Amino acid sequence: MAAQPQNPGPETARNHWSSITTPSYVVQKVRKNLIFKSKLAELNGAMGDLGTYIPIVLALTLAKNLDLGTTLIFTGIYNFVTGAIYGVPMPVQPMKSIAAEAISNPSFGIPEVMAAGICTGGILFLLGVTGLMKLAYKLIPISVVRGIQLAQGLSFAMSAVKYIRNEQNFAKSKSTGERQWLGLDGLLLALICACFIIIVTGAGHENDDRESDCESVRGNLIATSLPSAFIIFLLGVILAIIRGPKAVRNFKFGPSSMQVMKISKHEWKQGFIKGTIPQLPLSILNSVIAVCKLSTDLFPEKEVSATSVSITVGLMNLIGCWFGAMPCCHGAGGLAGQYKFGGRSGGCVALLGAAKLVLGVVLGSSLVKMLEQFPVGVLGVLLLFAGIELAMCARDMNSKEEALVMLVCTAVSLVGSSAALGFLCGMVVHLLLRLRKARKASSCSQFWFHHNP
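Below is a summary of the structure that appears in this document. (Residues numbered from 1 in each chain as written. Predicted model: local features only at pLDDT ≥ 70, side-chain atom pairs only at ≥ 80, totals over all residues. Heavy atoms only, no water.)

1. Points about the pattern of salt bridges
Moving on, step 1. Using the criterion set out here, one finds seven salt bridges in the structure.
Moving on, step 2. Of the charged contacts in the structure, one is a salt bridge between D396 and R146, with a shortest N-O distance of 2.9 Å. In this pair, D396 is assigned in the loop between α19 (376-391) and α20 (400-415) and R146 in helix α9 (residues 142-165), connecting sequence segments 250 residues apart.
Moving on, step 3. The exposure class of D396 is partly exposed, given its relative accessible area of 33%.
Moving on, step 4. Taking relative accessible area as the criterion, R146 reaches 1% and is therefore assigned buried.
Moving on, step 5. Between K369 and E372 there is a salt bridge, and its shortest N-O distance comes to 3.7 Å. (Salt bridge = Lys/Arg side-chain N within 4 Å of Asp/Glu carboxyl O. Helix = DSSP H or I, 4+ residues; strand = E, 2+ residues; numbered from the N terminus. Buried < 20%, exposed > 50% of the residue type's maximum accessible area, 1.4 Å probe, protein only.)

Dropping the structure here:
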């Protein structure tokens, strides 16, 4: 008779825990997480999230006097730390619902923005440490998650097309007219950039390990030798300097002066009601659950738990918002965009974080004048491909039931402009479909998770 495997005893468990908490183990893991899989590819991948990051941060800086220097410093630190912890290109993005409220509402100022970020971060932190986020991650069907991802991806893509086609006034969050064909921020430039990305990267990689034929290898070599997103971003920087040479001459060296935010009771109330309440469903669904699902899809060998992601998002805002840094979260769109352009390790976002940190310390808020001159059409191109990459995650819905739930969730999210409403409708449709087959289920688990991983 074969010997039965024995469960490790308490002493073995304690020894294992002691070994993984030693400084040498932590240093080794961080070093492993930050190793570049390919230097040029990781550099290219670091640009994949800028189509979302720059427009929102720039809009808040112009409309509400957000401290750009402080935001760059803190988001740079966030990027580096999350890259070291997770070992995947985990993005750091502005909280979009809070930013949209601030831009559209004249009475919703920076104190309210920070109050909303602190409250949202505190709730996410509590959901993480209590294990409730882990429970939600297990119970939400994959078809509903795919619906949220598809809606977010299409929303990014539609915003990108708007950036490409029309002139933008970020301070007022509106289009100001059709973009001219020619010029340093013309429609022709954006189309050339889009064509360049398609030629270099194609439709993206199905799976890095599956590409073994000669044609795929040659394509990979071209993509590696031509970091398309980085080249396009560098082109945008050059054009920004040409368009606004005064911005370069007016650079002021040194970081912004940080101060602890003073928030009144009224500002706490307004921040929670108008900022936290609409932001919280989006953060839970897209910034935690969808990010973890997507990370598992793209990096199955890496462990990215809903608990840890919820805690890191919470801590980022519980710390940074007190000093005036933009409320931030992770996002499935940013992860998809960085993966699309070659990001495969934590080193990708750590590199981006180091760049933000240097810019924040050296140039501070004086960098805003340069960002004002950056070609918006070029940012639109980067955002377009990030959105498409995220939407492509929905292609694994193989049954009509899953597709129905996903598309209902997507349609309601887009038309109603609410991820929470789309999520609720998707869950109701999933429940109704499961009730139709309730008699065939032998357990609650089989009833709820049938057809789901």
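Read on for the rest.
2. Remarks on the packing of helix α14 (residues 265-298) against helix α21 (residues 419-436)
Moving on, step 1. Between α14 and α21, whose axes approach to 8 Å, the crossing angle comes to 60°. On α21, the residues touching P281, L282 and L285 of α14 are A419, A420 and F423.
Moving on, step 2. The class makeup of the residues in the contact of α14 with α21 is six nonpolar, no polar and no charged. (Axes fitted to C-alpha atoms, helices over the stretch in contact; angles between N-to-C directions. Contact = heavy atoms within 4.5 Å. Nonpolar A, V, L, I, M, F, W, Y, C, P; charged D, E, K, R; others polar.)

3. Things to note about helix α17 (residues 346-362)
In an α-helix, one turn spans 3.6 residues; hence positions three or four apart end up facing the same way.
Moving on, step 1. Here α17 spans 24 Å end to end across 17 residues, near enough to the 24 Å set by a 1.5 Å rise per residue.
Moving on, step 2. Of the positions making up α17, those classed as buried are G346, G347, C348, V349, A350, L352, G353, K356 and G360.
Moving on, step 3. For α17, the elements touching its buried residues are α2 (23-34), α3 (39-45), α4 (50-64), α5 (68-86) and α16 (332-340).
Moving on, step 4. Where α17 starts, the residue carrying a side-chain oxygen 3.1 Å from the main-chain nitrogen of G347 turns out to be S345. (Expected span 1.5 Å × (residues − 1). Polar contact = N/O pair within 3.5 Å; in protein donor to acceptor, adjacent residues only side chain to side chain.)

It is worth stressing that arrangement in space is one thing and function is another; only the former is reported here.
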